[in-house]
Amino acid sequence: MLLLILIFFLLPIWPIFAQDPSWQRLNPGAAVSEAKAIAIDEAQPAVIYLGLQDALYKTQDYGENWSLLAQGLISAVNFLLIDKEDSKIIYAATQKGLFRSSDMGESWQKIFTGKDSLQQDVLGIALCYKPPKAVFIATRSGVFFSPVNRIIWQKVAGKISDTTALSIDSDP
């Protein structure tokens, strides 16, 4: 019965998917490991960041050519976030902490290390754009936040203080 319902609803739109030539495989080049994160610059849609288990890549031409970023520094990427107010600023949540670039990925600074492996494993990032602008991160050991202009991390207290937070988002 479920199969018949799916066929009924998908049959009219299947030709759209079957003939859509816009989907293609993008390959950064080297042996690509598990892709875990992607971020597309809304101001410059040709700029795409791809976080893998082994590395972080960037393209500036819709995926035709890829460059390796922060070689040896950033790996095990869980989440990527581009600042909507300044697309030169990118955040990379990794299993080894949180990194930030202020120059579209050319250089990186580690801005959150955590006290142990649970805190270091940053799984998600959210920015609160209302003053004072702040960055929030979800870790395997709770949620942390800091003002963006000076990094001073505080752990969110209450019922979620030591809970694994798999994801986090902000209300625009």
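Across its full length, the protein chain holds three helices and 12 strands. Buried positions account for 39% of the 172 residues belonging to the protein chain. Taking all contacts inside the protein chain whose residues are at least 6 apart in sequence as the whole, residues at least 24 apart take part in 36%. Carbon and sulfur atoms provide 58% of the accessible area of the protein chain, an area that totals close to 10700 Å².

What follows is about the pattern of salt bridges. Across all of its chains, the model carries three salt bridges by this definition. Between Lys 133 and Asp 83 there is a salt bridge, and its shortest N-O distance comes to 2.6 Å. Placement of the pair is Lys 133 in the loop between β9 (122-128) and β10 (134-139) and Asp 83 in the loop between β5 (77-82) and β6 (90-94), with a sequence separation of 50 residues. When the shortest N-O distance is used, the salt bridge between Glu 85 and Lys 133 registers 3.1 Å. You can see Glu 85 sitting in the loop between β5 and β6 and its partner Lys 133 sitting in the loop between β9 and β10, a full 48 residues away along the chain. With relative accessibility at 53%, the residue Glu 85 sits in the exposed group. Salt bridges sharing common partners tie together Asp 83, Glu 85 and Lys 133.

To continue, consider the confidence of the model for the protein chain. When pLDDT is averaged along the protein chain, the result is 84, and 80% of the positions lie at 70 or above. Within the model, the stretch residues 1-18 combines pLDDT values under 50 with zero contacts to residues more than four positions away or in other chains.

Another point: unusual backbone geometry. Of the consecutive residues Pro 131 and Pro 132, the connecting peptide bond is found in the cis state with omega at -5°. Among the structural elements, Pro 132 can be located in the loop between β9 and β10. Phi is positive for Ala 76, close to 50°, though the residue is something other than glycine. Within the element layout of this structure, Ala 76 appears in the loop between β4 (67-69) and β5. Not every positive phi belongs to a glycine, and Met 104 is a case in point at roughly 60°. Along the chain, the position of Met 104 falls in the loop between β7 (97-101) and β8 (109-112). Classification of Met 104 as buried rests on a relative accessible area of 15%.

What follows covers the pairing of β9. The element β9 is largely enclosed, with a buried count of six among its seven residues. Examined bridge by bridge, β9 and β10 share six bridges and lie antiparallel to one another. Residue Val 122 lies in a different strand from β10, and its bridge partner there is Thr 139. The antiparallel hairpin formed by β9 and β10 contains five residues in its connecting segment.

What follows covers the nonpolar core. Membership of the largest hydrophobic core comes to 16 residues, with the highest contact counts inside it found for Tyr 49, Leu 56, Ile 74, Leu 80, Ile 90, Ala 92 and Trp 108. For this core, the element with the most residues is β5, which contributes three residues. Sequence-distant contacts of Tyr 49, that is, excluding residues within four places in its chain, are made with Ala 37, Ile 38, Ala 39, Tyr 57, Lys 58, Leu 69, Leu 80, Ile 82, Ile 90, Met 104 and Gly 105. If you look at the next biggest cluster of nonpolar residues, it comprises 14 residues, including Phe 112, Val 122, Ile 125 and Phe 144.

Here the structure, examined in full by the defined rule, presents three aromatic pairs. Taken together, a centroid distance of 5.1 Å and an interplanar angle of 50° make the contact between Phe 112 and Phe 144 tilted. Of this pair, Phe 112 sits in strand β8 while Phe 144 sits in strand β11 (residues 142-147), placing them 32 residues apart in sequence. Like Phe 112, the residue Phe 144 is buried in the burial classification. Between Phe 112 and Trp 153, the ring centres sit 5.0 Å apart and the planes meet at 70°, which makes this aromatic pair edge-to-face. Within this pair, whereas Phe 112 is found in strand β8, its partner Trp 153 is found in the loop between β11 and β12 (154-155), the two being separated by 41 residues in sequence. On the accessibility criterion, Phe 112 (4% relative accessible area) is buried. Through a chain of ring-to-ring contacts, three or more aromatic side chains come together here, namely Phe 112, Phe 144 and Trp 153.

What counts and what doesn't
- Residues numbered from 1 in each chain as written.
- Predicted model: local features only at pLDDT ≥ 70, side-chain atom pairs only at ≥ 80, totals over all residues.
- Heavy atoms only, no water.
- Helix = DSSP H or I, 4+ residues; strand = E, 2+ residues; numbered from the N terminus.
- Buried < 20%, exposed > 50% of the residue type's maximum accessible area, 1.4 Å probe, protein only.
- Contact = heavy atoms within 4.5 Å.
- Areas by Shrake-Rupley, 256 points an atom, 1.4 Å probe, with all protein chains shown as cover.
- Salt bridge = Lys/Arg side-chain N within 4 Å of Asp/Glu carboxyl O.
- pLDDT = per-residue confidence, 0-100.
- Pairing = 2+ DSSP bridges.
- Core = buried A, V, L, I, M, F, W, Y, C linked by side-chain atoms within 4.5 Å.
- Phe/Tyr/Trp six-rings, centres within 6.5 Å; stacked < 30°, edge-to-face > 60°.

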